[in-house]
Amino acid sequence: MPLTIGCAARPGKARRNLTGSWRVFRPVFRPEECTKCGLCATVCPEGCVIETEEGTFIPDYDYCKGCGLCAEECPAKAIEMVQEEK
Amino acid sequence: MLKITEGSYAVAEAVKLCRPQVIAAYPITPQTHIVEALAEMVANCEIDGEYITVESEFSALSACLGASAAGSRAYSATTSQGLALMFEVCFNMAGLRLPMVMTIANRALGAPLSIWNDHQDTISLRDSGWFQLYAEDNQEATDLHFIAYKVSEDHNVLLPGMVCFDGFILSHTYEPVDMPVQEEVDGYLPPFTPYHRLDAGDPISMGMYATPEYYMEFRYQIQQAMEQAGKTLVAAGKEFSEHFGRDYGSLVEGYRLDGADTALIAMGSVCGTIKDAVDEMRDAGRKVGLLKLRAFRPFPEREIVAALNNVNTVAVLDKNISLGNSGAAGTEVKAALAGSGITVLDYVIGLGGRDVRKRDIARVVDLAEKGEGDMFYGLRTEVL
């Protein structure tokens, strides 16, 4: 994104900011252990956990900041936080 | 037209001629007469603009920030504690690249409380991104306002500027001032054309959040704008001389530097005293001259190096002290002349209204020629 003088910007959508770059730990979802309870999607503060056609869940890594709430709350312990390689 | 007027009224008259659209200020000694006069001009419809009364200097500059962002030519004036209260807004205004001009009637900072003159207030904001001009007399203080608006609003610059003149020494002194008429000023200073403007019909946000991936580049752009401000100040100063006959086409002004062995460097009204002292010393056969710094930001490093090519010793007079180091101009002149072989000595002088007389200037030259410096000059050792 080129700089504008005074950091001025036209109205836009926050979707343009891929906040996934802030992540230190990435949640790795194991669908084979998923009980399809949907708690991960409910607690995600970014709203970036998406239900698949199979009824299991995947994160959107473009926006997931790696807070780890989904892994903490998952009753089946089917989500693991793994350090990002940068 | 030449008229005898108080410095503050001359500044107010100059500001009126710049056609400000929004003035927001809070009265504080020794700036009061400026904003008092401007409030009267607005009340009398001599100025076609708004005067916003505020409860503090923080609000005053915040109102000016908003006015400038909305596309108005904004003005404020303050000093000392008032400027200190504006600290945060000063940095924001420069970062937002919003033009405006603010007059500072330079005054010491507390504690202890002092209403008298030195340069500590503006020097403490040298890193804020505002260009800073220092006036020697009331004519220069008047003229620098026209130049400052022109430079601040130039789309290659877009930085706010401070016109600094010494509290009481200039602000409350009556001097003859050649005040231009409105048509002349209009011919020099065009109406403000904002680069960005807050407009509900065409919305933008200003000063958006910058992550570590972007912040540093924004700071670099401000630094580049400040370097450009130096060039634009020179151009605007030359153009001023074509319109009004008074030359401000340099960020520094040399006085009797030809053949000088020792050069004094100073800013503000003390330069007038120094010129008289230099004349007396020259009459006595001493090879002394003065280099006046008109701009402190951007710092005129190249001009200083060029002007002091042939001197042996430089004595910098600083009406400020960067506590824990030395006077601000002294530090920077030493850096500018590093490796040149010129001896640079710094003298902290005239703090909190302590008078600087011609004989003090002569004593500073005596000390410098003996190699004694980097000191507070004129301390009353009997009270220490």
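Okay, so let's go over this structure. Because the structure is a prediction, the values reported are computed rather than measured.

### Let's talk about the packing of aromatic side chains
Residue and element names in this part refer to chain B. Scanning all chains against the criterion turns up 9 aromatic pairs over all chains. Ring plane angle 70° and centroid distance 5.5 Å describe the contact between F240 and Y248, whose orientation is recorded as edge-to-face. You can call Y248 buried: its relative accessible area is 8%. Relative to F299, the ring of F296 has its centre 5.6 Å away and its plane inclined at 85°; by these criteria the two rings are edge-to-face. The same class applies to F296 as to F299, namely buried.

### A word on the pattern of salt bridges
Under the counting rule described, the total for this entry stands at 32 salt bridges over all chains. D202 of chain B serves as the salt-bridge partner of R10 of chain A, at 2.7 Å between the closest nitrogen and oxygen. Pair noted here: R10 of chain A is in the segment before β1 (25-29) and D202 of chain B is in the loop between α8 (182-188) and α9 (215-244), and the two residues belong to different chains. On the basis of relative accessibility, which here comes to 40%, the residue D202 of chain B falls in the partly exposed class.

### Describing the interface of chain B and chain A
Contact residues are listed per partner, giving 19 residues for chain B and 11 residues for chain A. For the chain B and chain A pair, buried surface summed over both sides reaches about 1,400 Å², with 64% attributable to carbon and sulfur atoms. Run the count over chain B and chain A and you get 1 salt bridge. For the side of chain B that touches chain A, the leading source of residues is α9 of chain B, giving 3 residues. A breakdown of the residues in the side of chain B that touches chain A according to their chemical character gives 10 nonpolar, 5 polar and 4 charged.

### Description of the pairing of strand β13 (residues 313-318) of chain B
In regular strands, side chains alternate between the two faces of the sheet. Residue and element names in this part refer to chain B. Across the 6 residues that make up β13, a large majority, 6, are buried. Every second residue of β13 is oriented toward a common face, with T313, A315 and L317 on one face and V314, V316 and D318 on the other, all of them buried. Summarising the sheet, strand β10 (residues 262-266) and β13 pair through 4 bridges and their orientation is parallel. Bridge pairing links I265 to V316 in β13.

### As for the sheet that holds β10 of chain B
All names here are of chain B. What the 6 strands build is an open sheet, ordered β9-β11-β10-β13-β14-β15; its pairing is mixed. Looking at which strands have only one partner, the edges of the open sheet turn out to be β9 (252-255) and β15 (375-376). In the sheet, β13 pairs with strand β14 (residues 343-348) via 6 bridges, with the strands oriented parallel. In the sheet register, L317 faces β14, and the bridge partner there is Y347. Along the sheet, helix α10 (residues 270-283) contacts β9, β10, β11 (288-293) and β13; its crossing angle with β11, the most-contacted strand, is approximately 165°.

About the cut-offs
- Residues numbered from 1 in each chain as written.
- Chains lettered and ligands numbered in written order.
- Predicted model: local features only at pLDDT ≥ 70, side-chain atom pairs only at ≥ 80, totals over all residues.
- Heavy atoms only, no water.
- Phe/Tyr/Trp six-rings, centres within 6.5 Å; stacked < 30°, edge-to-face > 60°.
- Buried < 20%, exposed > 50% of the residue type's maximum accessible area, 1.4 Å probe, protein only.
- Salt bridge = Lys/Arg side-chain N within 4 Å of Asp/Glu carboxyl O.
- Helix = DSSP H or I, 4+ residues; strand = E, 2+ residues; numbered from the N terminus.
- Contact = heavy atoms within 4.5 Å.
- Buried area = accessible area lost by both parts, 1.4 Å probe.
- Nonpolar A, V, L, I, M, F, W, Y, C, P; charged D, E, K, R; others polar.
- Pairing = 2+ DSSP bridges.
- Axes fitted to C-alpha atoms, helices over the stretch in contact; angles between N-to-C directions.

Remember that the coordinates give geometry; whether it matters functionally is a separate question.
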